[in-house]
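# Coordinates in review
Below are the chains, spelled out letter by letter.
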Amino acid sequence: MRQGGLARLSGTLGQRVGVVAALWVAGSLGVALVTLWWQAQQLGGIGGINDVLLLPALGFALVSFTLRIARFHLFLVALGARVPFGASVRAQFAGFSLSMTPGKVGELYKCYLIEQRTGVPTARTAPILLFEKGMDALAFSILAVATAAILPNIAGSINVAARSLAAVGIVLILGVLMLRAARPDQLTAWLMRVVGRNRRGRRVVELFRLTLAGGADLLKPAILGGNMALSLVARTCDGLTLTLAAAALGVNIPALAGIFVLNSSGALGGASMLPGGVGVVEASMSVLLAGFGASTSAALAAALVARFLSFWLWVAIGLVVLVRTGIASDGARVS
């Protein structure tokens, strides 16, 4: 009886999360599609886009997202959450759709889905999100600096990118040092004395212990190096997606310029902490593309098309997966 009640409670939680998140994401997706359609009309309609170039652009976007799924899966394996790759794919899609939540905190839902499948606590896998965001920020900054150093006539931009790289690097180094210096047993014992006098306090202490231990277990050179390489390749592919999307609208820029624009904009969007970096990424892409000679309308249209291929498309697919996993009758279980 008790197990049945817990199952119903889990199902109710999954349904509520699925419904609320689906409405939020669907609304955001609708606004993005309307904006893209309106901007295309300013350039003569959707028919004015060279769809032949959009196919390889979509291919690069697919490679990028697949590499990020692989990164998530490898992190899970490192923490002992051994799930089929297909389950990691579904969890990543569902979580990605919730990147539209403030601060992207909704992405924790993918860790909850993995817990339903494997029993590995969400608190233990939650540090994966911080590692993913840190690697993305580092990849954005590294690629922006590297391409700015090669491209001519953007000396001012390389200074901005270099400062971003330095700031991200300092934060990540401090975080790694603090995590390495932390002693989980001592910290847990101290917290237990402070807040562990009741059941709720002991639960908080246990969650903290699991989170700290999970983060510490990910601090291995092979794991960090391999997944950082995946991040760099993924964000390079996103830059090539932008290059081809711009070409489809008649904006011809070098591949290095596309990589620079995408990653500079991504760094700014991440720093904004806005859901999905919406608004900041598109605006910065447009300004940078205009700096490479694109008209204002063409630059904005290219930015919107690139964002649709590299972001909104996967949000839309994730919304479908989210509804299936969150509103399914058996709760949030990834099968």
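The structure contained in this document is the topic of the report that follows. (Residues numbered from 1 in each chain as written. Predicted model: local features only at pLDDT ≥ 70, side-chain atom pairs only at ≥ 80, totals over all residues. Heavy atoms only, no water.)

## Quick word on the overall build of the chain
From N to C terminus, the chain includes 13 helices and zero strands. When its helices and strands are written in sequence order, the chain yields α-α-α-α-α-α-α-α-α-α-α-α-α. In the chain, which comprises 335 residues, the share counted as buried stands at 47%. Counting only contacts in the chain whose residues sit at least 6 apart along the sequence, the fraction spanning at least 24 positions is 74%. When the accessible surface of the chain is summed, it comes to about 16000 Å², and 69% of that surface belongs to carbon and sulfur atoms. (Helix = DSSP H or I, 4+ residues; strand = E, 2+ residues; numbered from the N terminus. Buried < 20%, exposed > 50% of the residue type's maximum accessible area, 1.4 Å probe, protein only. Contact = heavy atoms within 4.5 Å. Areas by Shrake-Rupley, 256 points an atom, 1.4 Å probe, with all protein chains shown as cover.)

## Comments concerning the pattern of salt bridges
Applying the stated rule across the entire model yields seven salt bridges. Measuring nitrogen to oxygen at the nearest pair gives 3.3 Å for the salt bridge that ties Arg 235 to Asp 136. Separated by 99 residues along the polypeptide, Arg 235 in helix 10 (residues 221-248) and Asp 136 in helix 6 (residues 127-150) bring together distant segments of the chain. Residue class for Arg 235 comes out buried when judged on its relative accessible area of 9%. Several salt bridges converge on common partners, so that one network encompasses Arg 71, Asp 136, Arg 235 and Asp 238. (Salt bridge = Lys/Arg side-chain N within 4 Å of Asp/Glu carboxyl O.)

## Side note on the environment of Val 261
By the secondary structure assignment, Val 261 is in helix 11 (residues 255-272). Once the C-alpha coordinates of Val 261 and Ala 148 are considered, the two residues, 113 residues apart in sequence, prove to be 9.5 Å apart. Beyond its immediate stretch of four places on either side in the chain, Val 261 contacts Leu 242, Met 285, Leu 288, Leu 289 and Phe 292.

## With respect to helix 4 (residues 108-118)
Because an α-helix packs 3.6 residues into every turn, residues spaced three or four apart end up facing the same way. Within the sequence span of helix 4, burial applies to Tyr 109, Lys 110, Cys 111, Tyr 112, Leu 113 and Ile 114. Two residues or fewer after helix 4 comes Gly 119, characterised by a positive phi angle close to 85°.

## Some points on the environment of Gly 239
Checked against the element boundaries, Gly 239 lands in helix 10. Linking Gly 239 and Ile 259, residues 20 residues apart in sequence, is a C-alpha distance of 3.8 Å.

## Re the side chain of Arg 307
Inspection of the secondary structure puts Arg 307 in helix 13 (residues 296-326). Residues in contact with Arg 307, not counting those within four places in the same chain, are Gly 276, Gly 277, Val 278, Val 281, Glu 282, Met 285 and Trp 312.

## Considerations on the environment of Cys 237
With respect to the element layout, Cys 237 can be found in helix 10. Sequence separation of Cys 237 and Ala 57 is 180 residues, and the distance between their C-alpha atoms is 8.8 Å. Setting aside residues up to four positions removed in sequence, Cys 237 forms contacts with Phe 60, Val 63 and Ser 64.

## With respect to the packing of aromatic side chains
Given two aromatic rings, their pairing is described by the distance between the two centres and the angle made by the two planes. One pass over the full model with this rule turns up eight aromatic pairs. Consider the rings of Phe 75 and Phe 131, whose centres lie 6.0 Å apart with planes at 55°: the pair is tilted. You can see Phe 75 sitting in helix 2 (residues 51-78) and its partner Phe 131 sitting in helix 6, a full 56 residues away along the chain. Like Phe 131, Phe 75 is buried. Seen in terms of ring centroids, Phe 311 and Trp 312 are 5.0 Å apart; in terms of plane orientation they differ by 85°. Their pairing is edge-to-face. Take Phe 311 and Trp 312: they sit in the same class, and that class is buried. By way of ring pairs, the aromatic residues Phe 65, Phe 93, Phe 96, Phe 311, Trp 312 and Trp 314 are connected into one cluster. (Phe/Tyr/Trp six-rings, centres within 6.5 Å; stacked < 30°, edge-to-face > 60°.)

## Overview of the side chain of Ser 265
Following the sequence through the fold, Ser 265 ends up in helix 11. Side chain to side chain, Ser 265 and Ser 284 meet in a polar contact 3.1 Å long. Residues within four places of Ser 265 in sequence aside, it is in contact with Val 281, Ser 284, Met 285 and Leu 288. (Polar contact = N/O pair within 3.5 Å; in protein donor to acceptor, adjacent residues only side chain to side chain.)

## Observations concerning the packing of helix 3 (residues 85-97) against helix 4
It is at 8 Å that the axes of helix 3 and helix 4 come closest, and there the two elements cross at 150°. Relative to helix 4, the element helix 3 lies roughly antiparallel. Two packed elements cross with a definite hand, and for helix 3 against helix 4 that hand is right-handed. Two secondary-structure elements touch here, helix 3 through Ala 87, Ala 91, Gln 92, Ala 94 and Gly 95 and helix 4 through Lys 110, Leu 113, Ile 114 and Arg 117. Classifying every residue of the contact of helix 3 with helix 4 gives five nonpolar, two polar and two charged. (Axes fitted to C-alpha atoms, helices over the stretch in contact; angles between N-to-C directions. Parallel < 35°, antiparallel > 145°, perpendicular 65-115°, else oblique. Left-handed = near helix turned anticlockwise from the far one by under 90°. Nonpolar A, V, L, I, M, F, W, Y, C, P; charged D, E, K, R; others polar.)

## A few points about the packing of helix 2 against helix 6
At their nearest, the axes of helix 2 and helix 6 sit 11 Å apart, and the two run at 140° to each other. With respect to each other, helix 2 and helix 6 are oriented oblique. Seen from above, helix 2 lies across helix 6 with right-handed handedness. Packed against helix 2, whose contacting residues are Arg 71, Phe 72, Phe 75 and Leu 76, the element helix 6 presents Ile 128, Phe 131, Glu 132, Met 135 and Asp 136 at the interface. The residue inventory of the contact of helix 2 with helix 6, partitioned by class, reads six nonpolar, no polar and three charged.

## Observations regarding helix 12 (residues 280-291)
Taking 1.5 Å per residue, twelve residues should reach 16 Å; helix 12 reaches 17 Å between its end C-alpha atoms and fits that length. Every buried residue of helix 12 is listed here: Val 281, Glu 282, Ser 284, Met 285, Ser 286, Leu 288 and Leu 289. Gly 293 occupies a position one or two residues after helix 12 and carries a positive phi of about 105°. (Expected span 1.5 Å × (residues − 1).)

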